[in-house]
Amino acid sequence: MRRVALSATVRSTANSRASLFLFFSSNIFRLLIQPFLPRRGLRLMDSSSVVLALRTASAWWDEVNNSSLWQDRIFHALSVLFGLISAVALIQLIRIECRVPEFGWTTQKVFHLLNFLVNGVRSLVFVFRRGVQKMNPIIQHILLDLPGLAFFTTYALLVLFWAEIYYQARSVSTDGLRPTFYTINAVTYVIQIALWLFLWWKPIQAMIIISKIFFAGVSFFAALGFLLYGGRLFLMLKRFPVESKGRRKKLQEVGYVTTICFLCFLLRCIMVCFNAFDKAADLDVLDHPILNLLYYLLVEILPSSLVLFILRKLPPKRGITQYHPIH
């Protein structure tokens, strides 16, 4: 009886939230479109029709979320998209290796290898998403969260690369950058593993919230890293003479990648915070497929696709210019 009463209370609260959302949405929508409607011959859209449209959309959202068929379709679509990105990263890694095999594991090669691994694991997880949901909660959290941490490491490597370029151009020592990079990643993984172990020992909701807030904090600092070093490198390149070789192309590359990655990690931080405190925004359940689709499209699939496309240029062939390997 308590469970039934609690369920009814949750539904009542959700309905009241939805009604409040619909009310504000309809009024905001009217204010937004009013300046663009002709003054004569057309009447302002009736608020009741807007509310009706929003309620219809809400009903469709619930129908898709509660449909096992749509859940499988969306999760398989995500698996295909992650698989495509993983394949593109692997092909690019092979092309770079064929172009400069003598330089070992360069920063560019490591970046594409990590992209291949992260997106490949995501693809496999979404292929078996229904089976993952039946696993032990700790294993489930690891399979869903570990690729996110690896995604952070992948793009933190890009921040490191830009920081090295920036400090070398200013004749500042870069000896401490790589140890700092390794230390930050090691501390991040150790804290996350400790949270998983504590959650396994005492699976309480507070620990799940702390784990998600920690992940949101990691994403926030990654966004700051891109804003700091990507912004610095962009401003430095902008001060170069106009006739500098490759200046415009490199300037666009740094500007686009900085903007994409900053927005990606900032959006991830915001969405993970909502995920931590609002059950309606929970990403670790099967009955929120549309939310999963939007989340992974915006914070991983689209950013990864754009960055791989922007950084698609192969390194110069041997003998044309110096190519520095990763140390």
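For the structure, check the block above.
Here is a short report on the structure shown in this document. (Residues numbered from 1 in each chain as written. Predicted model: local features only at pLDDT ≥ 70, side-chain atom pairs only at ≥ 80, totals over all residues. Heavy atoms only, no water.)

Notes on the pattern of salt bridges
- Inspection of the entire model under this criterion finds six salt bridges.
- For E97, the salt bridge identified is with K109, shortest N-O distance 2.7 Å. Of this pair, E97 sits in helix α3 (residues 68-99) while K109 sits in helix α4 (residues 107-127), placing them 12 residues apart in sequence.
- Of the residues examined, E97 reaches a relative accessible area of 36% and is grouped as partly exposed.
- Using a relative accessible area of 1% as the deciding quantity, one classes K109 as buried.
- The closest approach of N and O atoms between R178 and E164, which form a salt bridge, is 2.9 Å. (Salt bridge = Lys/Arg side-chain N within 4 Å of Asp/Glu carboxyl O. Helix = DSSP H or I, 4+ residues; strand = E, 2+ residues; numbered from the N terminus. Buried < 20%, exposed > 50% of the residue type's maximum accessible area, 1.4 Å probe, protein only.)

Structural notes on the packing of α3 against helix α10 (residues 289-310)
- Viewed as axis vectors pointing N to C, α3 and α10 meet at an angle of 10°, and their least axial separation amounts to 11 Å. In terms of orientation, α3 lies roughly parallel with respect to α10. Seen from above, α3 lies across α10 with left-handed handedness. Facing Q71, I74, F75, L78, L81, F82, I85, V88 and A89 of α3, the residues of α10 in contact are P289, I290, N292, L293, Y296, L297, E300, I301, S304, S305 and L308.
- Partitioning the contact of α3 with α10 into residue classes produces 15 nonpolar, four polar and one charged. (Axes fitted to C-alpha atoms, helices over the stretch in contact; angles between N-to-C directions. Parallel < 35°, antiparallel > 145°, perpendicular 65-115°, else oblique. Left-handed = near helix turned anticlockwise from the far one by under 90°. Contact = heavy atoms within 4.5 Å. Nonpolar A, V, L, I, M, F, W, Y, C, P; charged D, E, K, R; others polar.)

Regarding the side chain of S304
- Examined against the element boundaries, S304 turns out to sit in helix α10.
- The class of S304 is buried, set by a relative accessible area of 0%.
- Ignoring any residue separated from it by four or fewer positions in sequence, one finds S304 in contact with I85, N115, N119, F151 and Y155.

Observations regarding the state of the cysteines
- Evaluated as defined, the whole model comprises zero disulfides.
- Looking at C269, it has no disulfide partner, and the nearest cysteine sulfur is the one in C273, 4.5 Å off.
- Relative accessible area serves as the criterion here: at 11%, C269 is assigned to the buried category. (Disulfide = S-S within 2.5 Å.)

Describing the packing of helix α8 (residues 205-238) against helix α9 (residues 247-277)
- Contact pair α8 / α9: the axes reach a minimum separation of 8 Å and the direction vectors enclose 165°. Taken together, the axes of α8 and α9 are roughly antiparallel relative to one another. Taken as a pair, α8 and α9 cross one another with a handedness that is left-handed.
- Partitioning the contact of α8 with α9 into residue classes produces 23 nonpolar, six polar and five charged.

Points about the packing of aromatic side chains
- One pass over the structure, following the stated rule, counts 16 aromatic pairs.
- On the basis of an interplanar angle of 25° and a centroid distance of 5.9 Å, the ring pair of F75 and F126 is categorised as stacked. Of this pair, F75 sits in helix α3 while F126 sits in helix α4; the two residues are 51 residues apart in sequence, bridging distant segments of the chain.
- Of the residues examined, F75 reaches a relative accessible area of 2% and is grouped as buried.
- The interplanar angle of 75° and the centroid separation of 6.0 Å between the aromatic rings of F82 and Y296 together place this pair among those described as edge-to-face. Placement of F82 in helix α3 and of Y296 in helix α10 is noted, with a sequence separation of 214 residues between them.
- F82 sits in the buried class, given a relative accessible area of 0%.
- Chaining the aromatic ring pairs together yields one cluster made of F111, F151, Y155, W162, F226 and F265.
- The ring of W70 carries the charged tip of R73 above its face, separated from the ring centre by 5.0 Å.
- Directly above the ring of F309 sits R312, whose terminal nitrogen or CZ lies 4.1 Å from the centroid. (Phe/Tyr/Trp six-rings, centres within 6.5 Å; stacked < 30°, edge-to-face > 60°. Lys NZ or Arg CZ within 6 Å of the ring centre and 35° of its normal.)

Any link to function would need more than the numbers given here.
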